[in-house]
Amino acid sequence: MFAAVLCVMLLAVLAGGAFAADKPWKLAHIRPEGTPIDISMKDFVKQVKEKTDGRVNIEIYPASQLGDYTTVQERVSIGDIEMQTACLSPAVTKAIGLNSMPYIVTNWKEAEKAYGPGGVIFQKMAEHLAKQDIHVLAAWPVYFGGIVLTKEPLAPADPNVPKNIKIRVPPIRSFELCATALGYQATPVPWADTFTAMQTGIVEGGIGAGAEGYYANFRDLAKYYLAVNDHFECWFMYINKEVWDRLSDEDKKTMTEVAQETEKARWKVAEAEEKQNEKKLAEIGVKVITFTDGELDAMRKKNAEIVWPPMYEEIPEADVKAVLDSLK
């Protein structure tokens, strides 16, 4: 019986296009329902279903329902979950840390050049994920990162002043080093556990997200938001390679085109949305602290001097140089 079913599936693929999953694929993301990523993914799956005549049917699982993004990335790699749109974990491939290298880009123009179609970081992420049996469809730019706190920091603009504040960092070395360079005490905590850690006082804030993420998830706890622009948050929409390979060329082309249009639309609104989310935090009583170009440059220089060299143990210095050269 199994052989007969397998034969039918193979013939369908060879015939050029009739493969359809026997049940909806799962697409995970890390934000609650109704947030921009959720709306964007709903539009993506709707278009894909319509344009493939229902052959590709995808269900969305928001708010880390299927696990922390690091776990889901591993599950996509083995085919247990078909898709995810989220930040990337360097747990398996350390060089993926290039995606969240602190201060590697400093403005939205540079970000689109590096993370957008044809960008060095996009290409490197696609190469690394391919080795994990993951196929990258598109990028989904989010924001420049910042720090959320439940208590007032000392000299927030001066990275050389110890803040004596414990903050959550993702279990990624670059964030730990960056937080320390900016004067904070770094405590690795998974994203899905951060609210509880802040609520119980295990940490007094966090780094690794931006105004959008903090508003969506921690607005009941946040007292201060520091727009330090420590990293550029760019998520990637990806799919298990074996699942991808079962699609016809026609359906692959359709999914790629829809994903690219989704990314293109996102680049047009992401920067303005970043400012809107900072405004939302201010409107609920969070003190939003911004910095001058000179202050941000001092933070960047300290990270380049202190954080980048040890990161070359994990991220090839040539990759960093390639990014910087592409921005000149």
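Reading the values: the criteria
Residues numbered from 1 in each chain as written. Predicted model: local features only at pLDDT ≥ 70, side-chain atom pairs only at ≥ 80, totals over all residues. Heavy atoms only, no water. Helix = DSSP H or I, 4+ residues; strand = E, 2+ residues; numbered from the N terminus. Rg over C-alpha atoms; globule rule 2.2 N^0.38 Å. Buried < 20%, exposed > 50% of the residue type's maximum accessible area, 1.4 Å probe, protein only. Contact = heavy atoms within 4.5 Å. Areas by Shrake-Rupley, 256 points an atom, 1.4 Å probe, with all protein chains shown as cover. Phe/Tyr/Trp six-rings, centres within 6.5 Å; stacked < 30°, edge-to-face > 60°. Core = buried A, V, L, I, M, F, W, Y, C linked by side-chain atoms within 4.5 Å.

Participant: An account of the overall build of the chain is needed here, citing residue identities and associated values.
Facilitator: On a plain count of helices and strands, the chain comes out with 13 helices and 11 strands. In terms of C-alpha radius of gyration, the chain reaches 20 Å, essentially the compact-globule figure of 20 Å for 328 residues. Counting only C-alpha atoms and orienting by the principal axes, one finds that the chain spans roughly 70 × 40 × 35 Å. Out of the 328 residues in the chain, the part that is buried amounts to 52%. The contacts in the chain between residues at least 6 apart in sequence include a share of 75% that link residues at least 24 apart. Here the chain has roughly 14400 Å² of accessible surface; of this, 53% comes from carbon and sulfur atoms.

Participant: Quick rundown of the packing of aromatic side chains? Include the residues and the values.
Facilitator: Applying the stated criterion across every chain yields a total of 12 aromatic pairs. Considering the side-chain rings of Trp108 and Trp267, the 6.4 Å spacing of their centres and the 85 degrees angle between planes classify their relative orientation as edge-to-face. Residue Trp108 is found in helix H4 (residues 108–115), and its partner Trp267 is found in helix H10 (residues 249–283); the two are separated by 159 residues along the sequence. Residues Trp108 and Trp267 agree in their burial class; the two are buried. Here Phe144 and Phe232 contribute two aromatic rings whose centre-to-centre distance is 5.0 Å and whose plane-to-plane angle is 65 degrees, an arrangement assigned as edge-to-face.

Participant: Let's hear about the nonpolar core: which residues, and what values?
Facilitator: Grouped together as the largest cluster of nonpolar side chains are 65 residues, with contacts concentrated most on Phe44, Ile58, Met83 and Met255. Among the nonpolar cores identified, the runner-up in size contains 38 residues, and Met101, Phe122, Ala270 and Val307 belong to it.

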